[in-house]
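What follows is each chain in one-letter form.
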Amino acid sequence: MLPGRAEFPPDFLFGVATSSYQIEGHSFGGAGPTHWDSFAATPGNVVRAENSARACDHYHRWPEDLDLIAGAGFDIYRFSTSWARIMPEGRGAVNAEGLDFYDRLVDGMLARGLKPALTLYHWELPAALADLGGWRNRDIAGWLADFTEVVCRRLGDRIWSAAPINEPWCVSWLSHFEGHHAPGLRDIRATARAMHHVLLAHGRAIEVMRGLGMSNLGAVCNFEFAHPADGPKAAQIAARRYDAIYNQCFASGLFKGCYPDAVLEGLGPHMPKGWQDDFGVIGAPLDWFGINYYTCKRIAAADTPWPALQEVPGPLPKTAMGWEIYPDGLHHFLTMLARDYTGTLPLYVTENGLASPDPLSDGSINDQMRLGYFQSHLAACRRAIADGVPLKGYIAWSLMDNYEWALGYEKRFGLVHVDFETLQRTPKASYHAWMKALEPRA
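Not measured: the values here are computed from a predicted model.

## Things to note about unusual backbone geometry
Alright, step 1. Geometrically, the link from alanine 182 to proline 183 is a cis peptide bond, its omega value of 10° lying close to zero.
Alright, step 2. With respect to the helices, strands and loops of the structure, proline 183 is situated in the loop between helix H8 (168-176) and helix H9 (188-211).
Alright, step 3. That bond from tryptophan 306 to proline 307 is cis: its omega, 10°, falls within 30 degrees of zero.
Alright, step 4. Mapped onto the secondary structure, proline 307 falls in the loop between strand S6 (288-301) and strand S7 (309-312).

This is the structure:
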């Protein structure tokens, strides 16, 4: 069983999350092309060359999906807007049909008693902006600010919380250095610029939302605990470098107005001109900070240019993603962030969950591995609260099985099973466990 509401503070909130490109279906509603469409169309980038043309068809089935969220008893729905659905060219003309969709969606949340938690950008950059350099181009900070104004002038009066960008590490490093996500680059100069510009764009978007009178604004970063793979000093140094790139860089930019030396030793020569002058915008005051956490990594030294590290397999039980299950890492980041970066600022776990095969049999899915994952990570949250961390909420990933980016439809994170042929939704055992846990306090 999952811990019930009574085992958390009275004001603690629970939620579930999705992202626009992963569930909506991008081939209708006037949406323009994105860099993910071209990435998926390139052989070798995505499992079976699958795309998000239909995905879960949330665009047409959203009332059913919101009913599932409300029916489970969740307080928050963390969702994202598709930039290319609202502004097909990324700039200029607004697609009224796309903006109307999100207007209906937010009203639908409110009608069901759900708190709308908006993420403006969850990775699907309009192709026209990718053609202009995308996150490598400093102008993207202004482009995102303009998009923010369009969205928030329409929706901002009904939004409970908002964050500009989901997971800056994925937007920049995973996509521009490792090449695993769109735009699929492996270029250290592009990476340095993207890492800085994503934070600059975040700051500009916060400025726009403040100017519109919005409140409860935050940022969402992802974290992975870095274990040295073995005892030698070289592995320890490599693990600290991985930690600096993945876990410290963006938090440091947001809250300390600088980047770690261990990051600048590699990226410093490639940073955009005048980057040191941007921290006044990047460090715009926040009302909360969100932590996406899934796993840990084992890091060894590598005989390569900077960052001279590599991942090696670890011994713990693993999810279908091959990720080790390590709930102590979540406790570590909650306590470390409160101690070193955020202080008394409210924290939220904005994503946490696992992928498992979840075969549908006899009309039901008994996803015990997912249940155990949630149990152990909620226990880590309770320990952090007991240690004095101002943790105010937990948001599970994800509502339903969806398009898992470069892994296509193969990996299932959902509390709700989706048959990608019929699009039928079937709640799993984990969904029913959440429904039980989220019953009103006695």
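After that view, the rundown keeps rolling.
## What about helix H10 (residues 233-256)?
Alright, step 1. The terminal C-alpha atoms of H10 lie 28 Å apart, and with 24 residues this falls more than 12% below the ideal 34 Å at 1.5 Å per residue.
Alright, step 2. Backbone geometry just downstream of H10 places glycine 257 in the positive-phi region, at approximately 70°.

## Observations concerning the nonpolar core
Alright, step 1. Core analysis: the largest hydrophobic core is formed by 149 residues, its most contacted members being Trp36, Trp83, Trp135, Phe289, Leu334, Tyr394 and Trp434.
Alright, step 2. Contacts of tryptophan 434, omitting those with residues within four sequence positions, involve Leu2, Phe14, Ala72, Phe74, Phe374, Leu378, Tyr394, Ala396 and Leu415.

## Some points on helix H14 (residues 368-386)
Alright, step 1. Between its first and last C-alpha atoms H14 spans 27 Å; for 19 residues at 1.5 Å apiece the expected length is 27 Å, and the two agree.
Alright, step 2. Every buried residue belonging to H14 is among Arg370, Leu371, Tyr373, Phe374, His377, Leu378, Ala380, Cys381 and Ala384, and all of these are buried.
Alright, step 3. Buried residues along H14 sit against strand S1 (13-17), S6, helix H13 (327-342), strand S8 (347-351), strand S9 (391-397) and helix H15 (429-437).

## A word on the side chain of threonine 191
Alright, step 1. Its location among the elements puts threonine 191 in helix H9.
Alright, step 2. Taking relative accessible area as the criterion, threonine 191 reaches 0% and is therefore assigned buried.
Alright, step 3. Look past the residues within four positions of threonine 191 in its chain and what remains in contact with it is Ser172, Trp173, His176 and Phe177.

## Quick look at the environment of isoleucine 395
Alright, step 1. Within the element layout of this structure, isoleucine 395 appears in strand S9.
Alright, step 2. Sequence separation between isoleucine 395 and alanine 17 is 378 residues; the distance between their C-alpha atoms is 6.5 Å.
Alright, step 3. Leaving out residues up to four positions away in the same chain, isoleucine 395 has contacts with Gly15, Val16, Ala17, Ile76, Arg78, Val349, Thr350, Glu351 and Asn352.

## Here we look at the packing of aromatic side chains
Alright, step 1. The tally for this structure, following the rule as stated, stands at 41 aromatic pairs.
Alright, step 2. Aromatic pair phenylalanine 28 and tyrosine 59: ring centres 5.6 Å apart, planes at 40°, arrangement tilted. Taken together, the positions of phenylalanine 28 in the loop between helix H1 (20-23) and helix H2 (35-40) and tyrosine 59 in helix H3 (residues 58-72) put the pair 31 residues apart, joining distant regions of the chain.
Alright, step 3. Judged by relative accessible area, tyrosine 59 falls into the buried class, the value being 6%.
Alright, step 4. A centroid spacing of 4.1 Å and a plane angle of 25° characterise the contact between tryptophan 173 and phenylalanine 177, whose relative ring orientation is stacked.
Alright, step 5. Note on phenylalanine 177: relative accessible area 16%, which makes it buried.
Alright, step 6. Following the ring pairs from residue to residue traces out a cluster consisting of Phe8, Phe12, Phe14, Phe74, Tyr373, Phe374, Tyr394 and Trp434.
Alright, step 7. Above the plane of the ring of phenylalanine 101 lies arginine 85, whose end atom (NZ or CZ) is 5.8 Å from the centre.
Alright, step 8. Directly above the aromatic system of tyrosine 341 lies the positively charged group of lysine 256, at a separation of 4.5 Å from the ring centroid.

Here is what the cut-offs are and how they apply
Residues numbered from 1 in each chain as written. Predicted model: local features only at pLDDT ≥ 70, side-chain atom pairs only at ≥ 80, totals over all residues. Heavy atoms only, no water. Helix = DSSP H or I, 4+ residues; strand = E, 2+ residues; numbered from the N terminus. Expected span 1.5 Å × (residues − 1). Core = buried A, V, L, I, M, F, W, Y, C linked by side-chain atoms within 4.5 Å. Buried < 20%, exposed > 50% of the residue type's maximum accessible area, 1.4 Å probe, protein only. Contact = heavy atoms within 4.5 Å. Phe/Tyr/Trp six-rings, centres within 6.5 Å; stacked < 30°, edge-to-face > 60°. Lys NZ or Arg CZ within 6 Å of the ring centre and 35° of its normal.

All we've got here are geometric facts, nothing functional implied.
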